Amino acid sequence: MKIGASTACFYPLETEKALDRVMDLGFGVAEVFFNSSSELEDAFTAEMKKHADDRGVHIVSVHPFSSFIENTCIFGEYQRRYDDFIDLYKQHFHAAAVLGADIAVIHGGLAVQKRDIPEEHYFERFASLIELGKQEGVRVCQENVVRFRSQSLDFLKRMRAVIGDDFHMVFDIKQAVRSGYDPFEIVDEMKNEIVHLHLSDNSADGDCLPPGRGTFDFERLFDTMNGAGYQGNAVIEIYSKGLEVENELKFSKEYFDRL
């Protein structure tokens, strides 16, 4: 398992500049969090890919900028809206392929809906994303996210049962904590379906701390995942507000190097 960082750590810095910052810190893998539609164009992604290749960095995953509209535009029940917006996800998956990434991170639908939309509808729509991802060699993965349906471990279990072998998950530590879980309750249940990790630390002082600044047991996490035959990577994902991000990422990288 290699540990890298997400460009999201440097938001609102432009995506390509954020990727440069990640690479400048010496990380060998990275996640690209897109922030606008123009960043999905081949010329843009090809240039980022070239910069990464030149520096020996592997972009392992992407995060669509459109996660804020997924609830209504992809997982809502208005068919025409889905038809109009699904091409945006085709573009994201193609951009991932150009970058050499085989993972796309999806938030999905909100936990509380204005209308009672059946889970079966959600699973059907997610399965459609999975099939589109396959066309580009990209695994479309459900992330556990607070206030979304995926905050519930029981929901994730039902989703796994319906989607079967195509169900893959991105596990985010801070999101598990914010959802009221001991993170290991989710890890122990889903370790065979987790293909990507979002790392952050936590303590009584907060739930989105730079790794090494809190009390989370990373050794236990890595031992559990390695014991399950984990073949994926991990990226640090913290938020820039109130942090000297470069210094904190440097600290976290040195922390993981010592583990």
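Residues numbered from 1 in each chain as written. Predicted model: local features only at pLDDT ≥ 70, side-chain atom pairs only at ≥ 80, totals over all residues. Heavy atoms only, no water.

(A) Molecular detail of the sheet that holds strand S1 (residues 3-6). Taking strand neighbours around the barrel as the criterion, the eight strands line up as S1-S2-S3-S4-S5-S6-S7-S10 in a closed arrangement whose pairing is parallel. In this sheet, adjacent strand axes meet at a mean angle of 30 degrees when their direction is disregarded. Across two bridges, strand S3 (residues 58-63) lies against strand S4 (residues 103-106) in parallel orientation. Bridge pairing in S4 links serine 61 to isoleucine 103. Those strands touched by helix H1 (residues 15-24) are S1, strand S2 (29-33) and S3, and its axis lies near 160 degrees from that of S2. (Pairing = 2+ DSSP bridges. Helix = DSSP H or I, 4+ residues; strand = E, 2+ residues; numbered from the N terminus. Axes fitted to C-alpha atoms, helices over the stretch in contact; angles between N-to-C directions. Contact = heavy atoms within 4.5 Å.)

(B) Representation of the pairing of strand S5 (residues 139-143) in the model. Within S5, four of the five residues are buried, leaving the element largely enclosed by the surrounding structure. By the bridge criterion, four bridges tie S4 to S5 in an arrangement that is parallel. Looking across to S5, one finds that valine 105 is bridged to cysteine 141. After leaving S4, the chain enters helix H5 (residues 119-134) and then returns to the sheet as S5, a path that is right-handed. As a crossover connection, the stretch from S5 through helix H6 (residues 153-163) into strand S6 (residues 169-172) is right-handed. (Buried < 20%, exposed > 50% of the residue type's maximum accessible area, 1.4 Å probe, protein only. Right-handed = clockwise from strand over helix to strand, strands pointing away.)

(C) Quick peek at the side chain of threonine 15. Positionally, threonine 15 belongs in helix H1. Side chain to side chain, threonine 15 and asparagine 35 meet in a polar contact 3.0 Å long. For threonine 15, the residues in contact, after removing those within four places along its chain, are Thr7, Val32, Phe33, Phe34, Asn35, Glu39 and Met48. (Polar contact = N/O pair within 3.5 Å; in protein donor to acceptor, adjacent residues only side chain to side chain.)

(D) Focus on the nonpolar core. Leu221 and Leu249 are the most contacted members of the largest nonpolar core, which totals 73 residues. The biggest single contributor to this core is helix H4 (residues 79-99), with eight residues. Grouped together as the second largest cluster of nonpolar side chains are five residues, Ile103, Val105, Val170 and Val195 included. (Core = buried A, V, L, I, M, F, W, Y, C linked by side-chain atoms within 4.5 Å.)

(E) Structural context of the pattern of salt bridges. Summed over all chains, the structure comprises 19 salt bridges. A salt bridge links arginine 160 to glutamate 189; the nearest nitrogen and oxygen atoms lie 2.4 Å apart. Remark: glutamate 189 occurs in helix H8 (residues 183-190) and arginine 160 occurs in helix H6; sequence separation between them is 29 residues. Measuring nitrogen to oxygen at the nearest pair gives 2.8 Å for the salt bridge that ties lysine 174 to glutamate 237. One end of the pair, lysine 174, is in helix H7 (residues 173-178); the other, glutamate 237, is in the loop between strand S10 (233-236) and helix H10 (245-258), and 63 residues separate them in sequence. Considered together, lysine 174 and glutamate 237 belong to a single accessibility category, that of buried residues. (Salt bridge = Lys/Arg side-chain N within 4 Å of Asp/Glu carboxyl O.)

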